[in-house]
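Listed below, chain by chain, are the residues.
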Amino acid sequence: MLEVRKKDNESFESLVRRFTKKTMQSGKILQAKKVRFYAKPKTRRALKESALRKHKITGKLEYLKKTGKLDETDLKKRKRK
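Novice: Let's hear about the overall build of the protein: which residues, and what values?
Specialist: In terms of helices and strands, the protein carries four helices and zero strands. Ordered by position in the sequence, the α and β elements of the protein form the string α-α-α-α. Its C-alpha radius of gyration of 26 Å places the protein more than 25% over the 12 Å reference for a compact globule of 81 residues. Reported as C-alpha extents along the three principal axes, the dimensions of the protein are approximately 80 × 35 × 15 Å.

In structure tokens form, the structure reads like this:
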């Protein structure tokens, strides 16, 4: 735990500035971000399933485009949602 004590005749802003500088130097913020945004790696099975799902969806979309049942404008509208 970091501790910063107020010096004599020190303003609150300079105290906060010293505290943030100390936290940056200690690496606590960087460590917290790494822990917060850590994504557990997918297993081989999950990777294969997601790849097959994407392949199936793109195949359906290509078929609908070729047959004329799907316009490019409809596709763009769906992506925005």
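There's plenty left to go through after this.
Novice: Run through the pattern of salt bridges, naming residues and quoting values.
Specialist: A side chain of one charge can pair with a side chain of the opposite charge when the charged atoms of the two come close. Considering all chains together, one arrives at three salt bridges under this definition. Ionic pairing is found between Glu-10 and Arg-18, a salt bridge with its closest N-O pair at 2.9 Å. A salt bridge links Arg-45 to Glu-49, with the shortest nitrogen-to-oxygen separation between them at 3.3 Å. Residue Arg-45 and its partner Glu-49 are located together in helix α3 (residues 44-67), separated by four residues, close to a single helical turn. The class of Arg-45 is exposed, set by a relative accessible area of 63%. A residue is classified by how much of its surface remains accessible, and Glu-49, at 37% relative accessible area, is partly exposed.

Novice: Explain unusual backbone geometry residue by residue, including any values.
Specialist: Phi at Asn-9 is positive, roughly 60°, even though this residue is not glycine. With respect to the secondary-structure elements, Asn-9 resides in the segment before α1 (12-26).

Novice: Which residues make up the side chain of Glu-10, and what values go with them?
Specialist: Note that Glu-10 resides in the segment before α1. Looking at Glu-10, its side chain comes within polar contact range of the main-chain nitrogen of Lys-7, at 2.9 Å.

About the thresholds
- Residues numbered from 1 in each chain as written.
- Predicted model: local features only at pLDDT ≥ 70, side-chain atom pairs only at ≥ 80, totals over all residues.
- Heavy atoms only, no water.
- Helix = DSSP H or I, 4+ residues; strand = E, 2+ residues; numbered from the N terminus.
- Rg over C-alpha atoms; globule rule 2.2 N^0.38 Å.
- Salt bridge = Lys/Arg side-chain N within 4 Å of Asp/Glu carboxyl O.
- Buried < 20%, exposed > 50% of the residue type's maximum accessible area, 1.4 Å probe, protein only.
- Polar contact = N/O pair within 3.5 Å; in protein donor to acceptor, adjacent residues only side chain to side chain.

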